[in-house]
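Here are the chains, one letter per residue:
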Amino acid sequence: MSTLTIKDLRVSVAEADGTLREILRGVNLTVRDGETHAIMGPNGSGKSTLAYAIAGHPKYIVTQGGVTLDGEDVLAMTVDARARAGLFLAMQYPIEVPGVSVSNFLRTAVTAVRGEAPKLRDFMKEMRGAMGDLAIDAKFAERSVNEGFSGGEKKRHEILQLELLDPKIAVLDETDSGLDVDALKVVAEGINRFRARPGHGVLLITHYNRILEYVRPDFVHVFVAGRVVEEGGPELAEILEKEGYERFTPAAEATVS
Ligand code: ADP
Ligand code: MG
């Protein structure tokens, strides 16, 4: 059993001049294994800030509330400890790691999470199998992480990590961005394989309904101006697709400082 709990989370970002601006204004969300949650919201509503805060990015300062995984304080963990605890975070804009090949990066990550290095031959076999499932060319393993990757390659690489690291809870920020429909299907199938295995939960952050046609969420949370303003089932995503975020934004705008 695994539960990611976000409780009354308030997060500010340090502006260039050093002043703090509050972005998240009290977020409450619980993701259990076996559940898929979607956070949907307009641009600038703070969706990525939520992902960065959970990841422990130093620019995002938690001023109130917290995040726990199975009762353990996630925000107090090192990045490594978060991964070992079973949390996987895929960022909207993943960083480039020149000089580090995909296969080296993945083997290092797998070693950190599993607590021991897999045998090279076993690992290569496992990695190639996962790459095959994601229709990733074998040569991809020798490229530098995210360097010159297309949008689609970045997102496939994330799902490849997801398959190999096998976390308990995966937080995926805009995993559908920059994907054509074929890549979207492959990525969605990867997420579906992951969540079909017992003991896995997904928090899918997305601006568009598109990916939710392939990865049907159990719960949809509408996110506006740094907080959840409405919650429902998958039908809510369809309503948002038709009507946009407009009906949620006027009240929210009134609260923006
Ligand atoms: P979303 O992912 O929903 O589009 P973000 O979390 O990226 O929204 O951004 C929410 C708000 O916080 C925006 O107004 C954005 O400009 C601001 N923000 C996010 N990160 C930073 C940062 N590192 N420095 C300054 N402002 C930021
Ligand atoms: Mg974002």
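Above this text sits the structure in question.
All values derive from a computational prediction rather than experimental measurement. Within any chain, residue numbers begin from 1 and follow the written order of that chain's sequence. Here every chain gets a letter starting at A, and every ligand a number starting at 1, in the order they are written. This being a predicted model, a pLDDT of at least 70 is required before a residue's local features are given, and a value of 80 or more before pairs of side-chain atoms are given or counted; all residues contribute to the totals for chains, interfaces and linings. Hydrogens and water molecules were not included; the side-chain quantities draw on all heavy atoms of the structure.

Turning our attention to the nonpolar core. Definition used in this section: a nonpolar core is a set of buried Ala, Val, Leu, Ile, Met, Phe, Trp, Tyr and Cys residues joined via side-chain atoms within 4.5 Å. Each residue is placed in one exposure class: buried if its accessible area under a 1.4 Å probe, protein chains only, is under 20% of its type's maximum, exposed if it is over 50%, and partly exposed if it falls in between. By size, the foremost hydrophobic cluster in this structure holds 48 residues, and its most contacted members are M127, L160, L164, L172, I191 and L204. Per-element tally for this core: the top contributor is helix 6 (residues 181-196), with seven residues. Dropping the residues within four chain positions of it, L164 is found in contact with L106, V110, R114, F123, E126, M127 and A130. Counting 30 residues, the second-largest nonpolar core is a separate cluster that includes V27, V31, M77 and V171. Runs of E in the DSSP output that reach at least two residues are strands. Runs of H or I that reach at least four are helices, and both are numbered from the N terminus. Should any heavy atoms of two residues lie within 4.5 Å, those residues are considered in contact.

With that out of the way, let us pick up the site of ligand 1. Neighbouring residues of ligand 1: 13 residues in total, closest G44, K47, S48, T49 and Y60. Contacts to ligand 1 include G46, whose backbone N or O atom sits 3.1 Å from an oxygen atom. Contact between ligand 1 and T49: an oxygen atom at 2.6 Å from a side-chain N or O atom of the residue. Each accessible area is a Shrake-Rupley estimate made with a 1.4 Å probe; only the visible protein chains count as cover when residues are assessed. Protein chains shield 70% of the accessible area of ligand 1, which is 560 Å² for the free molecule. Of all the elements in the fold, those that place two or more residues in the shell around ligand 1 are strand 2 (20-32) and helix 1 (47-55). The element that contributes the greatest number of residues to the shell around ligand 1 is helix 1, accounting for three residues. Here the nonpolar group is Ala, Val, Leu, Ile, Met, Phe, Trp, Tyr, Cys and Pro; Asp, Glu, Lys and Arg are the charged ones; every other residue, Gly included, is treated as polar. Looking at the shell around ligand 1 residue by residue, the class counts come to four nonpolar, six polar and three charged. Put simply, a residue is near a molecule or strand once any heavy atom of it comes within 4 Å of that molecule or strand. Polar contact is the term for a pair of N or O atoms within 3.5 Å; when the atoms are in protein, one must be able to donate a hydrogen and the other to accept it, and sequence-neighboring residues count only if both atoms are side-chain atoms.

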